[in-house]
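Survey of secondary and tertiary structure
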Amino acid sequence: MKIKTFVYINLSLLIILLTACGGGSDDSEISQDNPVTNIRSIEMIIGKSYTVSENQTIVKEANNTLVEIESDINTKKTTAILKSGKARIEYVK
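What this report covers is the structure whose coordinates are included nearby. (Residues numbered from 1 in each chain as written. Predicted model: local features only at pLDDT ≥ 70, side-chain atom pairs only at ≥ 80, totals over all residues. Heavy atoms only, no water.)

**Re the pattern of salt bridges**
Between side chains of opposite charge, pairing is possible as soon as their charged atoms come close. Under the convention used in this document: In the sections that follow, a salt bridge refers to a side-chain nitrogen of Lys or Arg positioned within 4 Å of a carboxyl oxygen of Asp or Glu. What counts as a helix is a DSSP run of H or I of at least four residues, what counts as a strand is a run of E of at least two, and both are numbered from the N terminus.
According to the stated counting rule, one finds three salt bridges in the structure shown. Of the charged contacts in the structure, one is a salt bridge between Arg 88 and Glu 61, with a shortest N-O distance of 2.4 Å. Within this pair, whereas Arg 88 is found in strand β7 (residues 87-92), its partner Glu 61 is found in the loop between β4 (56-60) and β5 (66-72), the two being separated by 27 residues in sequence. One network of salt bridges, in which partners are shared, links Glu 61, Arg 88 and Glu 90.

Here it is, written out as structure tokens:
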């Protein structure tokens, strides 16, 4: 009986520990990982500039979404700014 109780307590603690572990995010954006496909997703914030690269995709999440994309030929840097609506940046880890 004591061993059975000990096993149940340890399993419960293990489940709590595993469900409590998760990814973090900073104050300004939400990052989500999909462990099945290794896709990382970052929610865009209106007015914030994001540096994007070839392996990243901007996904429109609302019909009224407007994203301004600027490329600098000299620095080969591309930036995206969410002007309205809702969008996220996705890329494979």
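Right, picking up where we left off after that structure.
**Notes on the pairing of β5**
Just so we agree on the cut-off: Any two strands with at least two DSSP-identified bridges between them are counted as paired.
Note: β5 against strand β6 (residues 77-84), seven bridges, orientation antiparallel. In the strand pairing of β6, Ile 69 is matched with Ala 80. Linking β5 back to β6 in an antiparallel pair, the connection comprises four residues, with Lys 76 at a positive phi of about 55 degrees.

**Let's talk about the sheet that holds β6**
Which entries qualify depends on this criterion: Here an angle of 0 to 180 degrees is reported between the N-to-C directions of two axes, which are lines fitted to C-alpha atoms, with helices fitted over the stretch in contact.
The antiparallel open sheet is built from three strands, whose spatial order is β3-β6-β5. With one partner strand each, in any of the chains shown, β3 (49-52) and β5 form the two edges of the open sheet. When strand polarity is set aside, the average angle formed by the axes of neighbouring strands in this sheet is 30 degrees.

**So, the environment of Lys 60**
Basically, it comes down to this: Each residue is placed in one exposure class: buried if its accessible area under a 1.4 Å probe, protein chains only, is under 20% of its type's maximum, exposed if it is over 50%, and partly exposed if it falls in between. Should any heavy atoms of two residues lie within 4.5 Å, those residues are considered in contact.
Turning to its location among the elements, Lys 60 is positioned in strand β4. On the basis of relative accessible area, Lys 60 is assigned to the exposed category, the value being 53%. C-alpha of Lys 60 to C-alpha of Ile 89: the two residues are 29 residues apart in sequence and 9.0 Å apart in space. Setting aside residues no more than four positions away along its own chain, Lys 60 makes contact with Thr 65, Lys 86 and Ala 87.

Spatial relationships are all this shows, so hold off on functional conclusions.
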